[in-house]
Each structure stands twice: as structure tokens, then as C-alpha cells.
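What follows is the residue order along each chain.
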Amino acid sequence: MSEQAIKSMKLYSRVERVYAQLRDAGIADDGPIPLDVLCRFDQYHYDGVAAVEEGIARLALASHHRALDVGSGLGGPARIIASRAGCEVTALELQPDVHEVAARLTARAGLADLVRHRQGDILEGAPAPGGFDALFAWLVFLHIPERARLYRRCHEALRPGGAMYVEDYFERGTLTDAERGTLADKVYCRDLPRLDELRRDLAGAGFAEVEIEDVTAFWTEHVAERARSWRAGREREAALHGEEVFAGLDDFYSSIAGLFRGGNLGGMRLVARKR
Ligand SMILES: C[S@@+](CC[C@H](N)C(=O)[O-])C[C@H]1O[C@@H](n2cnc3c(N)ncnc32)[C@H](O)[C@@H]1O
């Protein structure tokens, strides 16, 4: 996968903007960062810390477990997993700049002994295949059209008896050509499974006991509110990040809100186990 092409998605440009947000929240550059402040800015999925806590609970994660967070972004979920469950987490992220900022944030949050950051592509395999009790992925699979290989890699990453928790998009209705275009151009999402395809492909990769929950209604409200509040904070956000970043994210957030409003894009969370 290209690390450059994914930058077409505005959420991923100028990821160092998190430092401006921290400064604005009263955190000195290079100083320690309390996790309760950091987690307001480092979660690149829906419903922030609550969604991570849901994943931890679903997989009954405990301190003796080893977790892999695939597509770990700025490391927000990995740090919450480590701090709540007290377990070691490997945070695997494709984009080098995102990975570097994430590792720096983890060090400043005092969690470098539990969270290990690795830059790489899950399609090339997990850092320690077969060594993980739990695998998490929040809004990552939507970027990866090579689904059979992706699910195989995730299955290989887990030890027998291990489990995977995923939150992601699916094709709920029939996406129009315009919706497909928006997903491709603005979300770097070129293909989505329907739920029956997802079940079939996960079973094909060796996963058993696949449980899927449709969370579309909740996500539709969530992304609408995110778009509204970003626009309402225009003056403040533009002053903090510059007009270009404000406008790029405004377009991104309102495009996602429009896609969910259309009813053809779905959101789901799933648990799948390896025998
Ligand atoms: C929407 S962000 C979510 C980040 C993080 N999971 C979170 O919820 O805060 C998706 C992340 O997946 C990463 N990603 C996409 N494809 C990947 C791949 N093939 N291997 C590893 N990471 C990938 C992207 O670079 C991006 O940082």
C-alpha cells in the first residue's frame, strides 16, 4: 500500500497539529502530557475513549495479555488499552509521520514501557505473528481493499484462542457512484464489504464465532455532531491550525456526515475468535 496516496485523506495531513491543540490546552511543548488531556485529541475514530473501553471489555483484556493495535494512528487507543488493562500493546502504523508523532506522545504520556510503536503495513504481517492474545482495529480496514490478505494477516497475528475487535465501515445499502467517488477521493476507501461478505471472508481466513453489531444509527448522529461542532468552532480552529487545515477538515467531516446520512454507508463493530 502507498504511504503517500493515503495522505489524500485530510485527517492525515499535518498530524503535528496535535501539538498546537496540546499547547492550547495548556501543555508545554516536550513536557509530560496527562492522558485525560491527550485523549481529547488523539482518537481518530468515533466515540473516543468509550469505543476503546468497549473493545477492552468485549475481549476481556487483562494485564497478562499482549495486544496488537493495527492502524494505531496517533496511538490514542493503544495508550488507553495499556493504561486501562495494564497490558503490553504493540501499535502498528503505516504512515511514518503519524508513527513518529505517536511514539513521541506515548513517551510524553509516560507509557513507553507498555506501548511499543512499530511502523509498517499489516499486509506485510504483524511484528510478532502468533504472539498476540488480542487484536484491535478502529477504522483501519476501510483503507485496505485486499481483504482476504488482511484477514489472513490478522488471523496469523493471534495465538490460538485469541480474539479480534474491529470497528469499521460496511456497505449497508447500495452505494451510488457519487458516494463511491467521495469514499475514494476523501476517505481513501476504495471498496467495502457487505455484512454477508465480511462474515464469509472472516470464516475463510479461519476466524470462528464472528459476532457483528450494526452501529450505523449511533455513528450517523456522531459524525453529524462532529461536523456541526467543527464548523461552529470555525474562528478558534482556524486561528489554531490555519485556514487551509480548517477548510480541509471541514470538507472531510461534512463529507462523512453526508455519506452516513445517505443510509448506504454502514458502521459495525465485530468480535471474531481464532480457534
Ligand atoms: C482512521 S485512522 C484510525 C487510527 C486509530 N485506529 C484510532 O482509532 O485513533 C486509520 C489508521 O490506519 C492506518 N493504516 C491504514 N492502512 C494501514 C495498513 N495497511 N497497515 C497499518 N496501518 C494502516 C492509517 O495510516 C491511519 O493512521
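Residues numbered from 1 in each chain as written. Predicted model: local features only at pLDDT ≥ 70, side-chain atom pairs only at ≥ 80, totals over all residues. Heavy atoms only, no water.

S.K.: Would you mind going over the sheet that holds strand E7 (residues 265-274) in detail, with residue names and values included?
M.R.: With mixed pairing, the seven strands of this open sheet are ordered in space as E3-E2-E1-E4-E5-E7-E6. The strands lining the two open edges of the sheet, one partner per strand, are strand E3 (115-119) and strand E6 (207-214). Direction aside, the axes of adjacent strands within the sheet are offset by 15° on average. Pairing of strand E1 (residues 66-70) with strand E4 (residues 132-138) involves three bridges; the strand directions are parallel. Opposite Ala67, over in E4, you have Ala134 as the bridge partner. (Pairing = 2+ DSSP bridges. Helix = DSSP H or I, 4+ residues; strand = E, 2+ residues; numbered from the N terminus. Axes fitted to C-alpha atoms, helices over the stretch in contact; angles between N-to-C directions.)

S.K.: Any details on helix H3 (residues 48-58)? Residues and values, ideally.
M.R.: Along H3, the residues classified as buried are Gly48, Val49, Ala51, Val52, Gly55 and Ile56. Angular distribution of buried residues about the axis of H3 spans 160°; they occupy a single face of the element. Looking at the buried side of H3, the elements it contacts are helix H4 (76-85), E4 and strand E5 (158-171). Ala60 lies just past H3 and shows a positive phi near 45°. (Buried < 20%, exposed > 50% of the residue type's maximum accessible area, 1.4 Å probe, protein only. Arc of directions from axis to C-beta. Contact = heavy atoms within 4.5 Å.)

S.K.: Could you give me a rundown of helix H1 (residues 17-24), with the residues and numbers involved?
M.R.: Of all eight residues in H1, six are buried, a share of seventy percent or more. Considered for burial, the residues of H1 that qualify are Arg17, Val18, Tyr19, Ala20, Gln21 and Leu22. Close packing links the buried residues of H1 with helix H2 (35-38), helix H5 (96-108), helix H10 (234-241) and helix H11 (243-261). Where H1 terminates, the next one or two residues include Gly26, which has phi positive at roughly 90°.

S.K.: With reference to specific residues and values, describe the packing of helix H9 (residues 216-232) against H10.
M.R.: Between H9 and H10, whose axes approach to 5 Å, the crossing angle comes to 75°. The angle between H9 and H10 falls in the class roughly perpendicular. Judged by residue contacts, Trp230, Arg231 and Ala232 of H9 engage Arg234, Glu237 and His241 from H10. Within the contact of H9 with H10, the residues separate by chemical class into two nonpolar, one polar and three charged. (Parallel < 35°, antiparallel > 145°, perpendicular 65-115°, else oblique. Nonpolar A, V, L, I, M, F, W, Y, C, P; charged D, E, K, R; others polar.)

S.K.: Talk me through the side chain of Arg79; I want residue IDs and the actual numbers.
M.R.: Tracing the backbone through its elements, the reader meets Arg79 in helix H4. Residue contacts for Arg79: discarding those within four places in its chain leaves Leu35, Leu38, Asp42, Leu74, Ala102, Leu105, Thr106, Ala109, Leu111, Val115 and His117.

S.K.: Explain the pattern of salt bridges residue by residue, including any values.
M.R.: Where side chains of opposite charge bring their charged atoms close, a pairing between them can arise. Enumeration over the complete set of coordinates arrives at 23 salt bridges. Linking Glu209 and Arg273 is a salt bridge whose minimum nitrogen-to-oxygen distance equals 3.8 Å. Residue Glu209 is located in strand E6, and its partner Arg273 is located in strand E7; the two are separated by 64 residues in the primary sequence. A relative accessible area of 53% means that Glu209 is categorised as exposed. Given the relative accessible area of 25%, Arg273 is considered partly exposed. Salt bridges sharing partners connect three or more residues here, namely Glu54, Arg58, Glu213 and Arg269. (Salt bridge = Lys/Arg side-chain N within 4 Å of Asp/Glu carboxyl O.)

S.K.: Outline the site of the ligand, listing residues and values.
M.R.: Around the ligand sit 22 residues in total, of which Tyr44, His45, Gly71, Glu93 and Gln95 are the nearest. Take Gln95: an N or O atom from its side chain is 2.7 Å from an oxygen atom of the ligand. Between a nitrogen atom of the ligand and a main-chain N or O atom of Ile122, the distance comes to 3.1 Å. In isolation the ligand offers 600 Å² of accessible surface; the protein chains occlude 99% of this area. (Near = heavy atom within 4 Å. Polar contact = N/O pair within 3.5 Å; in protein donor to acceptor, adjacent residues only side chain to side chain. Areas by Shrake-Rupley, 256 points an atom, 1.4 Å probe, with all protein chains shown as cover.)

S.K.: Lay out the pairing of E4 in plain terms, naming residues and giving numbers.
M.R.: With respect to burial, E4 is a largely interior element, seven of its seven residues being buried. Here six bridges tie E4 to E5, and the two strands are oriented parallel to one another. Among the inter-strand pairings, Phe132 is bridged to a residue of E5, identified as Leu158. Read from E4 through helix H6 (residues 147-157) to E5, the crossover connection turns out right-handed. (Right-handed = clockwise from strand over helix to strand, strands pointing away.)

S.K.: Describe the environment of Tyr165, listing the residues and the values that go with them.
M.R.: Checked against the element boundaries, Tyr165 lands in strand E5. Note: C-alpha distance between Tyr165 and Trp138 (27 residues apart in sequence) is 8.3 Å. Setting aside residues up to four positions removed in sequence, Tyr165 forms contacts with Ala51, Glu54, Gly55, Arg58, Leu59, Leu135, Phe136, Ala137, Trp138, Arg269, Leu270 and Val271.

S.K.: Please give an account of the packing of aromatic side chains that cites residues and values.
M.R.: The final tally for this structure, using the stated rule, is 12 aromatic pairs. Judged by centre distance (6.3 Å) and plane angle (55°), the ring pair of Phe136 and Tyr165 falls under tilted. Taken together, the positions of Phe136 in strand E4 and Tyr165 in strand E5 put the pair 29 residues apart, joining distant regions of the chain. Here Phe136 matches Tyr165 in class, with each residue buried. (Phe/Tyr/Trp six-rings, centres within 6.5 Å; stacked < 30°, edge-to-face > 60°.)

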